[in-house]
Amino acid sequence: MYPSDKKLKYWSKEFNVWLEYAILIWGQKGIYIHWGADNIASNGNSDSAGCIHLEKPQIEELFNWLNSRTRITIEHPWEGFTCTSHYLT
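Per-chain numbering applies: the sequence of each chain, read as written, is numbered from 1 onward. Since the coordinates come from a predicted model, pLDDT governs what is reported: local features require at least 70, and pairs of side-chain atoms require 80 or more to be given and counted, while whole-chain, interface and lining totals use all residues. Only hydrogens and water are set aside when side-chain values are computed; all heavy atoms of the structure are taken into account.

Peer 1: Teacher, can you tell me more about unusual backbone geometry here?
Peer 2: Trans is the common state for peptide bonds, and a negative phi is the common state for residues other than glycine. Even without a glycine there, the phi angle at Asn16 is positive, about 55°. Numbering goes from the N terminus for both helices and strands, where a helix is a DSSP run of H or I of at least four residues and a strand is a run of E of at least two. Locating Asn16 in the fold gives a position in the loop between β1 (6-12) and β2 (17-26). The exposed category is assigned to Asn16, whose relative accessible area is 52%. With phi around 55°, Tyr21 is a residue other than glycine that occupies positive phi space. Mapped onto the elements, Tyr21 comes out in strand β2. Each residue is assigned to one of three classes by its accessible area relative to the maximum for its type, calculated with a 1.4 Å probe on protein chains only: buried under 20%, partly exposed between the two thresholds, exposed over 50%. Take Tyr21: its relative accessible area is 13%, and that puts it in the buried class.

Peer 1: Which parts of the structure should I look at to understand the packing of aromatic side chains?
Peer 2: Aromatic ring pairs are reported here in terms of the distance separating the ring centres and the angle at which the planes meet. Only centres within 6.5 Å qualify two rings of Phe, Tyr or Trp (six-membered ring in Trp) as a pair; their planes then separate them into stacked at under 30 degrees, edge-to-face at over 60, and tilted for everything else. Enumeration over the complete set of coordinates arrives at three aromatic pairs. A ring pair is formed by Tyr21 and Phe63, whose centres lie 5.5 Å apart and whose planes are at 85°; its orientation type is edge-to-face. With a gap of 42 residues between them, Tyr21 in strand β2 and Phe63 in helix α1 (residues 56-65) connect regions that are remote in the sequence. With respect to burial, Tyr21 and Phe63 carry one shared label: buried. Over the ring of Trp18 we find Lys9, and its NZ or CZ is 5.0 Å from the ring centre. In this scheme, the term charge over a ring applies when either NZ of a lysine or CZ of an arginine sits within 6 Å of the ring centre and within 35 degrees of the ring normal. Across from the ring centre of Trp35, 4.4 Å away, lies the NZ or CZ of Lys56, which sits over that ring.

Peer 1: Teacher, can you tell me more about the sheet that holds β2 here?
Peer 2: Through backbone hydrogen bonds, the strands of a sheet pair up, either in parallel or in antiparallel fashion. By the convention used here, strands pair only if DSSP detects at least 2 bridges between them. Ordered in space as β1-β2-β3-β4, the four strands form an open sheet in which the pairing is mixed. Pairing within the sheet leaves two strands with one partner each, and these edge strands are β1 and β4 (52-54). Mean inter-strand twist for the sheet, computed between neighbouring axes without regard to direction, equals 45°. Here three bridges tie strand β3 (residues 31-35) to β4, and the two strands are oriented parallel to one another. Bridging from a neighbouring strand, His34 pairs with His53 of β4. Residue contacts are defined here by distance: any two heavy atoms, one from each residue, within 4.5 Å place the two residues in contact. Orientation is described by lines fitted to C-alpha atoms, with helices fitted over the stretch in contact, and by angles between N-to-C directions that extend from 0 to 180 degrees. Each of β1, β2, β3 and β4 is contacted by α1, which is oriented at about 50° to β2, the strand it contacts most.

Remember that the coordinates give geometry; whether it matters functionally is a separate question.
Okay, here's the thing in structure tokens:
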């Protein structure tokens, strides 16, 4: 992640919503880590592009911690599945 890949507030043109504490993790797909509900029902039952939602204290901590070029790796407990992001600016 590069510092330019994180925005305190970012407008998603695809979903017409504001993403707060948005950290871009997959630029080609527009996938972010951001503040939001942790389930679809609490998210207004809207579609998801695959973003990762965190509660406010956790996203604030992560957002503030990322201040230089950082590699973000996301691993799932499912066997054989690992998703690794690009470097953010």
